[in-house]
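# Structural characterization, general
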Amino acid sequence: MRKILLSLSIVLWVTSSFAQTKPLTDLTVEEIMQSQSKFVGTPPSRVSWSKDSKTIFFNWNPEDSGNATTYKIGKNGGTPEKADDRNEGWPSSYVFNDNESKIVFVKGGDVYTMDIKSKAETQITSTNARESNARFHTNDVITFVSENNLFSVNTKTGLISQLTNFNIESNDGQTARRNSNQNSGNREQDSWLRKDQLETSSILKDQRNRPRNQNRFRNFSNQQQSANSRRGSVKLPNVRNLRLSPDGKYVSFSVYYAPEKGAKNTIVPNYVTQSGYTTDIRARTKVGGEQGHSKIGIYNIADDEHYMLDTEKLPGISDLPDYVKDYPDREVEAKPRLVSANTILWSKDGQYTVVHFASHDNKDRWIMRLLPDSGDLIEVDRQRDEAWIAGPGIGSEFGSGTFGFLPDNKTIYFQSEKSGYSHLYLHDFSNGVQTQLTSGNFEVYGPSLSKDGSKWYFTANMKHPGIRHFYSMPVKGGKVTQITTEDGNNQVTLSPDEKTLAVLHSYIDRPNELFVQANKPGAKRTQLTESLQDGFKQYDWYQPEIVTFTAEDGATVHARLYKPENPNGAGVIFVHGAGYLQNVHYWWSTYQREYMFNNMLRAQGYTVLDIDYRASSGYGRDWRTGIYRHMGGKDLSDQIDGAKYLREEHGIESDRIGMYGGSYGGFITLFAMFQHPDVISAGAALRSVTDWAHYNHGYTSNILNTPVEDPIAYKRSSPIYFADGLEGDLLIAHGMVDTNVHFQDVVRLAQKLIELGKDDWEMALYPVESHGFQTPSSWTDEYKRIYKLFQNTIGKK
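This section reports on the structure supplied with the text. Since the model is a prediction, treat every value here as computed from it, not as a measurement.

## Topic: the overall build of the chain
Within the chain, the secondary structure is distributed over 16 helices and 44 strands. The 797 residues of the chain split such that 54% are buried. The contacts in the chain between residues at least 6 apart in sequence include a share of 59% that link residues at least 24 apart. In the form shown here, the chain has an accessible surface area of approximately 35800 Å², with 46% of it arising from carbon and sulfur atoms.

## Quick word on the pairing of strand S17 (residues 293–300)
Buried residues dominate S17, accounting for six of its eight residues. The pairing of strand S14 (residues 250–257) with S17 spans eight bridges and is antiparallel. Across the sheet, valine 255 pairs through a bridge with lysine 295, a residue of S17. In this antiparallel pair of consecutive strands, S17 and strand S18 (residues 305–308), the connection spans four residues, and aspartate 304 shows a positive phi of 55°.

## Some points on a nonpolar patch on the surface
Taken together, the side chains of Tyr271, Val272 and Val768 define a hydrophobic patch exposed on the protein surface, amounting to about 280 Å² of accessible area. Residue classification places valine 272 among the partly exposed residues on the basis of a relative accessible area of 48%.

## Examining the pairing of strand S10 (residues 141–146)
Two faces, one strand: in a regular strand the side chains alternate between the faces of the sheet. With six of six residues buried, S10 lies mostly within the body of the structure. As paired strands, strand S9 (residues 131–136) and S10 are joined by four bridges and run antiparallel to one another. Paired with phenylalanine 136 across the bridge in S10 is isoleucine 142. If you look at the hairpin formed by S9 and S10, you'll find four residues sitting between the two strands. Linking two consecutive strands that pair antiparallel, namely S10 and strand S11 (residues 149–154), is a turn of two residues; a positive phi of about 50° is found at glutamate 147 within it.

## Some words on helix H13 (residues 697–704)
Buried residues dominate H13, accounting for six of its eight residues. Taken as a whole, H13 has its buried residues at His697, Thr700, Ser701, Asn702, Ile703 and Leu704. In this structure asparagine 696 caps H13, since a side-chain oxygen of it lies 3.0 Å from the backbone nitrogen of tyrosine 699. Backbone geometry just downstream of H13 places asparagine 705 in the positive-phi region, at approximately 60°.

## Quick notes on the sheet that holds S9
Strand order across the open sheet formed by four strands is S9-S10-S11-S12, with antiparallel pairing between neighbours. Because the sheet does not close on itself, it has two edges, and the strands there are S9 and strand S12 (160–162). Between one strand axis and the next, the sheet turns through 25° on average, direction left out of account. Of the pairings in the sheet, the one linking S10 to S11 comprises six bridges and is antiparallel in character. Residue pairing across strands places phenylalanine 144 opposite phenylalanine 151, the latter belonging to S11.

## A few points about the side chain of serine 53
Looking at the element boundaries, serine 53 is found in the loop between strand S1 (45–49) and strand S2 (55–60). A residue is classified by how much of its surface remains accessible, and serine 53, at 2% relative accessible area, is buried. Polar side-chain contacts of serine 53 include one of 3.0 Å to the backbone nitrogen of aspartate 497. Serine 53 has contacts with Lys75, Ser495, Pro496 and Asp497, leaving out every residue within four places of it along the chain.

## Focus: the packing of helix H9 (residues 592–603) against helix H16 (residues 776–792)
Where H9 contacts H16, the axes come no closer than 12 Å and their chain directions differ by 35°. Once H9 is placed against H16, the crossing between them reads as right-handed. Here Arg593, Glu594, Phe597, Met600 and Leu601 of H9 come into contact with H16, specifically with Trp779, Tyr783, Ile786, Tyr787 and Phe790.

## Considerations on the sheet that holds strand S25 (residues 403–405)
Here we have four strands laid out as an open sheet, ordered S25-S26-S27-S28, and antiparallel in their pairing. Here the strands that pair on one side only, and so sit at the sheet edges, are S25 and strand S28 (433–436). Going from strand to strand, the sheet's axes swing by 20° on average, the running direction of each strand aside. Across four bridges, strand S27 (residues 423–428) lies against S28 in antiparallel orientation. Paired with histidine 427 across the two strands is glutamine 434, which belongs to S28.

## Regarding helix H11 (residues 634–650)
For H11, spanning 17 residues, the distance from its first C-alpha to its last is 23 Å, which sits close to the expected 24 Å at 1.5 Å a residue. Within H11, burial applies to Asp635, Leu636, Ser637, Asp638, Gln639, Ile640, Asp641, Gly642, Ala643, Tyr645, Leu646 and His650. After H11 finishes, the residue glycine 651 shows a positive phi value of roughly 70°.

## With respect to the environment of valine 708
Positionally, valine 708 belongs in the loop between H13 and helix H14 (711–717). With 421 residues separating them in the primary sequence, valine 708 and valine 287 have C-alpha atoms 9.8 Å apart.

## Concerning the packing of aromatic side chains
Counted according to the given criterion, the structure contains 46 aromatic pairs. When the centroid spacing of 5.7 Å and the interplanar angle of 85° are considered together, the rings of phenylalanine 536 and tryptophan 588 count as edge-to-face. Here the residue phenylalanine 536 occupies a position in helix H8 (residues 534–537), and tryptophan 588 occupies one in the loop between strand S39 (571–575) and H9, the gap between them amounting to 52 residues. On the accessibility criterion, phenylalanine 536 (2% relative accessible area) is buried. For the ring pair tyrosine 542 and tyrosine 562, a centre distance of 6.3 Å and an interplane angle of 40° mean the geometry is tilted. With tyrosine 542 in the loop between H8 and strand S37 (545–550) and tyrosine 562 in strand S38 (residues 556–562), this residue pair connects regions lying 20 residues apart in the sequence. You can call tyrosine 562 buried: its relative accessible area is 1%. When the ring centre of phenylalanine 515 is taken as origin, the NZ or CZ atom of arginine 525, which lies over that ring, is 3.7 Å away.

About the criteria used
Residues numbered from 1 in each chain as written. Predicted model: local features only at pLDDT ≥ 70, side-chain atom pairs only at ≥ 80, totals over all residues. Heavy atoms only, no water. Helix = DSSP H or I, 4+ residues; strand = E, 2+ residues; numbered from the N terminus. Buried < 20%, exposed > 50% of the residue type's maximum accessible area, 1.4 Å probe, protein only. Contact = heavy atoms within 4.5 Å. Areas by Shrake-Rupley, 256 points an atom, 1.4 Å probe, with all protein chains shown as cover. Pairing = 2+ DSSP bridges. Patch = residues over 30% accessible without salt bridge, like charges linked within 9 Å, V, L, I, M, F, W, Y side chains within 5 Å. Salt bridge = Lys/Arg side-chain N within 4 Å of Asp/Glu carboxyl O. Polar contact = N/O pair within 3.5 Å; in protein donor to acceptor, adjacent residues only side chain to side chain. Axes fitted to C-alpha atoms, helices over the stretch in contact; angles between N-to-C directions. Left-handed = near helix turned anticlockwise from the far one by under 90°. Expected span 1.5 Å × (residues − 1). Phe/Tyr/Trp six-rings, centres within 6.5 Å; stacked < 30°, edge-to-face > 60°. Lys NZ or Arg CZ within 6 Å of the ring centre and 35° of its normal.

Written as structure tokens, this is what we have:
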């Protein structure tokens, strides 16, 4: 009887085990595109530690019960519990004094301090104004901002001193600019856009040439000119970031100067509304519009005088970019460029002051030493890039990136791509020596100093471009020690006592889970959460191979390969979005729906390739800037070389290769369909940029400069100019309330295809969706259409 029961138990266990796993051939689009929290699960996020380093807080939603909420768990494990307050009764934002015996914070618009041991709070101010930016200047003196001026208070005597007396100018001019926004803007840019519209549509050109419409256009131009003449032109600075120098002699501050002419915003119509009326969503400006900028000033308290840092003193401030050589007939004056000063740092002892500057043409980043008594600037580091300044931890016009003083008060640290990869550097002011701390063909992410200032902690992809581990290194450089052990991605939050790591870890086929381990190399880790839902766990998900192939210019290209057990002879190339993003890695993809969809395609016999093409992140400066002045150049040729790899290495039939992707991936799909119809037979272009002159400024001007300054770059980078090359089957899908890549982009392309008499294309429109779809029904409809496209074209033998 015991043998019979044992045999029965084994049979039941085996049956149960097999019942839990379904073949991927059963996977459907409806399953993949349903609520991700319901099908896959909600991984933990926003990890933080308790002040005593014993408890870990994180956001989680294991039961798919609405939005993620705060949970807590002890570092030794146990069952996660919901937490009412991850701040443990402390304010959400505060600053310690030097010996960390007190904190200062703002509550209800007033300044308070709290004693760490007793938790006793002391109210420092009680005013009708709202105080902000409270910090300790010394252990007894606190500074804070009130009504755009800096004040100090001596906590021993109670004496409050006003250190500045800035009067903010009226913003009537700004209001006028906002009110006239639809008729204002950069005239040269608007003129360029009008000509561009006529070039991309013969219908508009015909309308433009009709006398009736000429009069209407002339009247509109007159109205625009009249409106422009009424706009306010006074610059309206906003004083911010006030900070008292350590010696108490100076106050540093920044001022933002709005564009003089204003920038014309776009409008996105919203058709599906509760009122039943179409409403307008005020959206972003287009690339080339005039931009605001920031300056930094120094106020001398004793002399009651101030000055603004003179950016015309920056070395190379009038250097012309190389691309002007492509315009020999254009006279380009070498004059000081527009620059933003965005960060100023004072050493704690007040001996050194450094400022971070960035040019608005994206070609230069300066770190300069400031002599505050004279305003003189001395070069510390200049990074010049004829493409554009960027990379992990590297500052731009919007921020300084990795940038600070070491505890010795004479050495600053920063990141630079001067070696070809983003690495960590030091500059010692006492001897002028600059030292590169990390080196190699890898990138450094998020470096931070240990509490005692003796070592660095950072994440890097040293082992492989697609593997990130957590490392430590002596503060002045030396041996780099790997602390985490499991390949994939390790996002580490260090405990306050620096003895324990809370690690969000994921792998190719597994989303993030929370782990804990000692802060020791090779320490054993313990899993604290289990987030996967039953729907996801019932499938044995495929781990795509990480492969490489050689591009036409000899470069090594990384890709994910989904290789089917029973290939049908057809191939699909998935193109990730964002341009500067990495998707060929050993961790869970942010494109989780596409990962699952690629699994489904593979199960149906398709060989799928997912490429980290030129401009993807994780591969250094040259890869990042490989698309400068030519989107649709090497980023596209990498896809075509990938198709060649599929044909030559995996037996894919030359006329049975399809492509799909969203945003930048949609843009590449369009270009592939228009320029390489002999290679890509069918394509699905989702939320695609069709003309870069209509995208935003911050992203596009980095890569293509501006349409007025560099029209060559825009013309050769925009698919709408190459639409005549369409021969295969094209699906265009777009959200109608997309405030990022506007619906207007594909409307203009549709008109172009109509005028060209193209046949084998269709559009799928999603009235309630923006750039990132929100509703499962829209996701499902879109991907059912993609699947149907492939099945009816390349899927047919």
